[in-house]
Amino acid sequence: MSKQKRNGTAKKSGRILLIVVTILALFLLVFLIWKLIDRVGSDPQSGGAQPAESGIELPYALEDGQLEVTSVFQYTGDNPDCGDEAGEDIAALAVTNKSGRHLTSAQLIAKLADGTEIRFTVADVPAGQTVWVFAADNSRYDTANPCASIGCDAQFEAGAPLLAEQISVSVEETAVTLTNTSGKDLENLTVDCHCLLNDAYFGGRTYSYAVPSIVAGGSVTIQAEECYLGEAVVVRITQD
């Protein structure tokens, strides 16, 4: 065998050996990656543990579909449903009134995957309106511990409780003007308002303002100062 032929055979064998080594290296790399993923997914100490439950499916129906939760989220800031107490990652729900009736009040309890319960309170939400409601005790919501279910106890009434046959209402930002159209003097009125922000009520609670009297044909303007983040919306007017 000539020297040139031997050199060609050696080069060919070298290339084959290189290919084999490369394939083995790729197999080893894939195996190591698979083992790493398996460890991260199963070992809580690795920081990659998956929650025991994946959470509720949204939208989530309550009260036989009369209410609908469209979002479960975290909120950081002053909580209107907890006396404006500041907090971080506060549990919050977006709830829409789908009933066709006025939602008088509702108590909601969100149960998390680990059994923790978070309570929410809602008042006076007209038909078709969405409200962002926040944890009544400022409870934090950890997305690694998702919401597993939501319970609800709600009360509804047929029409909007606004004394519409006696009073007309106009609003400009936080200034609420009531005009007495009843033909007689009205006394001892209470006006309840929500704060409208980005087409949703900001907070489940309402703000109440006393109106001692409105003479027949007269008007009174009140300042719903607590609604400064958005626009005041009158949701209930009562007379004692």
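Residues numbered from 1 in each chain as written. Predicted model: local features only at pLDDT ≥ 70, side-chain atom pairs only at ≥ 80, totals over all residues. Heavy atoms only, no water.

Caption draft 1: Representation of the sheet that holds strand 8 (residues 167-172) in the model. Strand order in the open sheet formed by 3 strands is 8-9-13, with antiparallel pairing between adjacent strands. The sheet terminates laterally at strand 8 and strand 13 (219-223), the two strands that pair on one side only. Geometrically, the sheet is characterised by an average inter-axis angle of 20° between neighbouring strands, direction not taken into account. Note that strand 9 (residues 175-180) and strand 13 share 5 bridges and pair antiparallel. (Pairing = 2+ DSSP bridges. Helix = DSSP H or I, 4+ residues; strand = E, 2+ residues; numbered from the N terminus. Axes fitted to C-alpha atoms, helices over the stretch in contact; angles between N-to-C directions.)

Caption draft 2: Examining the layout of surface pockets more closely. In this structure, the largest pocket occupies an estimated 160 Å³ of space. Along its surface, the largest pocket is lined by Y75, D78, P80, D84, C195, F202, Y207, E226, C227, Y228 and L229. Split into classes, the residues belonging to the lining of the largest pocket amount to 8 nonpolar, no polar and 3 charged. (1 Å grid on protein atoms, 1.4 Å probe; cavity = no way out; pocket = protein on both sides within 12 Å on 5 of 7 lines; lining within 4 Å. Points joined across faces, edges and corners; volume = space filled by probe spheres on them. Nonpolar A, V, L, I, M, F, W, Y, C, P; charged D, E, K, R; others polar.)

Caption draft 3: Here's a closer look at the packing of aromatic side chains. Taken as a whole and assessed by the stated rule, the structure comprises 4 aromatic pairs. Taken together, Y75, F134 and F202 form an aromatic cluster joined through their ring pairs. (Phe/Tyr/Trp six-rings, centres within 6.5 Å; stacked < 30°, edge-to-face > 60°.)

Caption draft 4: Spatial organisation of the pairing of strand 6 (residues 130-134). The buried count for strand 6 comes to 4 of 5 residues, which makes it a mostly enclosed element. Where strand 3 (residues 85-97) lies against strand 6, 5 bridges are found, and the strand directions are antiparallel. Across the sheet, residue A94 finds its bridge partner in strand 6, namely W132. Alignment of strand 6 against strand 11 (residues 200-202), held across 3 bridges, turns out to be parallel. Each bridged residue has a counterpart across the sheet, and for W132 the counterpart in strand 11 is F202. (Buried < 20%, exposed > 50% of the residue type's maximum accessible area, 1.4 Å probe, protein only.)

Caption draft 5: View of the side chain of R236. The residue R236 is located in strand 14 (residues 231-239) in this model. Polar contacts involving the side chain of R236 include one to the side chain of D124, which spans 2.8 Å. Ignoring anything within four residues of it in the chain, the contact list for R236 reads H102, T104, D124, E157, P161, L162, T190, V191 and D192. (Polar contact = N/O pair within 3.5 Å; in protein donor to acceptor, adjacent residues only side chain to side chain. Contact = heavy atoms within 4.5 Å.)

Caption draft 6: Seen up close, the pattern of salt bridges. Within this structure, the stated rule accounts for 4 salt bridges. We note a salt bridge from R140 to D89, for which the minimum N-O separation is 3.0 Å. Placement of the pair is R140 in the loop between strand 6 and strand 7 (147-157) and D89 in strand 3, with a sequence separation of 51 residues. Residue R140 is classed as exposed on the basis of its relative accessible area, which comes to 55%. For D89, a relative accessible area of 23% puts it in the partly exposed group. Taking the shortest distance from any N to any O, the salt bridge between D124 and R236 comes out at 2.8 Å. One end of the pair, D124, is in strand 5 (residues 117-125); the other, R236, is in strand 14, and 112 residues separate them in sequence. Given the relative accessible area of 5%, D124 is considered buried. The exposure class of R236 is buried, given its relative accessible area of 15%. When salt bridges that share partners are traced, they join D124, E157 and R236 into one network. (Salt bridge = Lys/Arg side-chain N within 4 Å of Asp/Glu carboxyl O.)

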